[in-house]
Amino acid sequence: MEMDKLVSLCKRRGFLFQSSEIYGGLNGFWDYGPLGVELKRNIKEAWWRDMVTGHDDLATPQGAPEPYEMVGLDCTIIMHPQVWKCSGHFDLFVDKMVDCRESKKRYRYDQVPGRWVEAKGQKIFVTTGVEENHEADLEQRALKFFNLRAKDAADLAWEGPVVSLAKIDPALYEKALGPDAKALGTLTAPRDFNLMFKTFVGALSGEEGAAYLRPETAQGIFVNFKNVCDSTRVRVPFGIAQMGKSFRNEITPRNFTFRSREFEQMEIEFFCHPNSSRQWYQYWRDRRLKWYTDLGLASERLQLREHHQDELSHYSTGTADIEYAFPFLPPGEFGELEGIAHRGDFDLRSHMEGKLVARDGKLVVEQGEDGKPKWKGSGKDLSYRDDLTNERFIPHVIEPSAGADRGTLAFLCEAYHEDQAPDEKGEMQTRVVMKFHPRIAPIKAAVFPLVKKDGMPEIAQRIYRALKPHMTAFYDEKGAVGRRYRRQDEAGTPYCLTIDGQSLTDGTVTVRDRDSLKQERIHESELVAALRERIG
């Protein structure tokens, strides 16, 4: 599937729009149109239903060590600044960036690919800003720099593979040709760039009123751990789920909605006894991967990748990413869809004691120059006492963290298909169809009167109104029925209901399946039950 086709469809059919498009757009921000908002909402509702409201607290799910409870939370986007200092985001939530003195552009240095090349007695590191076909663009830029023609490409002596700028010693940047530069040595040394959006609370605009838009939803759960335990009857093990907006000032947002500056997360913080935490980690890895396949993502385009030791955060004893083969990535590469992290007791301890750092294999409170905690914790006791055993401990945390926007993008990519289907004249034509799982399809059923006469519109409208309380339905009586089918195929509607001459005599309706194109007749009185069963 070509990504350009999906992007075009998303705008044409109202799945996604560039934010503030009439003013030229704003990079890294996207708006969901009428179909897109329904798709994303259905994905979030499926997640909340499957993880929280539909969870059976009394049964032991397959692969789980024991039964557990699930509750929800909805925290504010702006929190006390100390939250981000103790969590480590204030100091560590940074990307390395380089600036180009010539183009005045800024780049995340680990996302700038390049390669060493020599010609005319000069060796340079040429870089590119394109996301695909790196080699072709690198060759073109090298030829232009050395003032060579395409027929002279053999005069270029390439050295080593394509690597990111992060692999190059900054002392050699004087030999680097920036992605949008004509001269060498225009890139600055890499420097830290904090990804949190800064704002101010109240009338004070100085540092006294400084605050941050949350870069993740998880910290709101950790600081409310004691509140949840005190206000409910939950017992460890239990999970707290939250959906909400997060903000990261990405240096180079790209790949459609994959890397955005404003996005929505679906996160669970699962609190368990330290002795069983490894088992729970395995359970949540498998459970979350199965959720995506159950909703239609192809298993061959999904992988569960365990992080190598050098990738792990200083507090993590294990992290796995659920990754999807997005079509904008080179063949064989995968992009992160969801992370499942074994966070240990790092978060609760941090908000108790202060910001923690790893030292001699242990987590200790980081000290400032004065010998006191660099960032002081709340001082509140966030340990848990088991009322059955009287044991007191700080729970370990397993965190399945999914992106609602990345999930929506993955389901869009998976759904896009082109096939051959007969048009209204019976001639085979290329058909674009979005094969969403019925649970997440923006529109579940479309209702068509075959013609706008003979009482067919009245029956169709009655059926439409009967469906509306139970599912998202759409009514359309304009144009040839074949074209109406095509419009709904592009929207991903799984079932189209046509009221025709036979409906007037026996009360049955033609139900067309989007994927198989098979049609069957179902009595009007049975439609709601039949469709609800098929949708799930």
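Once a new chain begins, its residue numbering starts again from 1 and follows that chain's sequence as written. Per-residue local features of the predicted model are confined to residues with pLDDT of at least 70, and side-chain atom pairs are confined, for both listing and counting, to 80 or more; whole-chain, interface and lining totals are unaffected and use all residues. Neither water nor hydrogens contribute to the side-chain values; these are computed over all heavy atoms in the structure.

Chemist: Would you take a moment to explain the sheet that holds strand β9 (residues 176-177) for this structure?
Modeler: What holds strands together in a sheet is hydrogen bonding between their backbones, with the strands either parallel or antiparallel. Only strands joined by at least two bridges in the DSSP assignment are considered to pair. The secondary structure listing takes helices from DSSP runs of H or I that are at least 4 residues long and strands from runs of E that are at least 2 residues long, numbered from the N terminus. Spatial ordering of the open sheet is given by β8-β6-β7-β9, a layout of four strands whose pairing is mixed. Each edge of the sheet is formed by a strand with only one pairing partner; in this case those strands are β8 (157-164) and β9. Direction of pairing for strand β7 (residues 122-127) relative to β9: parallel, over a ladder of two bridges. Looking at the pairing, Val126 lines up with Leu177 of β9.

Chemist: What exactly am I supposed to notice about the pattern of salt bridges here?
Modeler: Whenever a carboxyl oxygen of Asp or Glu lies within 4 Å of a side-chain nitrogen of Lys or Arg, that contact is scored as a salt bridge. Within the structure shown, the criterion is met by 45 salt bridges. As a salt-bridge pair, Arg108 and Asp95 come within 3.3 Å of each other at their nearest N and O atoms. Here Arg108, found in strand β5 (residues 106-108), pairs with Asp95, found in strand β4 (residues 94-99); they are 13 residues apart in sequence, far enough to count as distant. This pair shows no difference in class: Arg108 is buried, exactly as Asp95 is. Residue Arg521 is joined to Asp500 by a salt bridge in which the shortest nitrogen-to-oxygen separation is 2.9 Å. In this pair, Arg521 is assigned in strand β29 (residues 519-523) and Asp500 in the loop between β27 (495-499) and α13 (501-506), connecting sequence segments 21 residues apart. What you see here is one network of salt bridges that share partners, running through Asp95, Arg108, Asp110, Glu250 and Arg259. Relative accessibility decides the category of a residue: with a 1.4 Å probe and only protein chains considered, values under 20% of the type maximum give buried, values over 50% give exposed, and everything between is partly exposed.

Chemist: When you look at the side chain of Thr186 in this model, what are you seeing that I'm missing?
Modeler: Structurally, Thr186 is set in the loop between β9 and β10 (191-194). Once residues within four sequence positions are removed from consideration, Thr186 is found in contact with Asp99, Cys100, Arg101, Glu102, Gly178 and Ala181. Two residues qualify as a contact provided that any one of their heavy atoms is within 4.5 Å of a heavy atom in the partner residue.

Chemist: For this particular structure, what's the right way to read the packing of helix α2 (residues 34-53) against helix α8 (residues 277-294)?
Modeler: Working note: a packed helix pair is described by the angle between its axes plus the distance between those axes. Taken N-terminus to C-terminus, the directions of α2 and α8 make an angle of 140°; their axes are 12 Å apart at the nearest point. Taken together, α2 and α8 sit at an angle that is classed as oblique. With respect to the hand of their crossing, α2 and α8 are arranged in right-handed fashion. Only Trp284, Arg287, Arg288 and Trp291 of α8 make contact with α2, whose side of the interface consists of Ile43, Ala46, Trp47, Asp50 and Met51. Class assignment of the residues belonging to the contact of α2 with α8 gives a composition of six nonpolar, no polar and three charged. Note on method: axes are straight lines fitted to C-alpha atoms, helices fitted across the in-contact stretch only, with angles between N-to-C directions ranging 0 to 180 degrees. If an angle is under 35 degrees, it is roughly parallel; if it is over 145, roughly antiparallel; if it lies from 65 to 115, roughly perpendicular; otherwise it is oblique. What makes a crossing left-handed is the near helix being turned counterclockwise from the far one by less than a right angle; a clockwise turn instead makes it right-handed. Note on residue classes: Ala, Val, Leu, Ile, Met, Phe, Trp, Tyr, Cys and Pro are nonpolar, Asp, Glu, Lys and Arg are charged, and everything else, Gly too, is polar.

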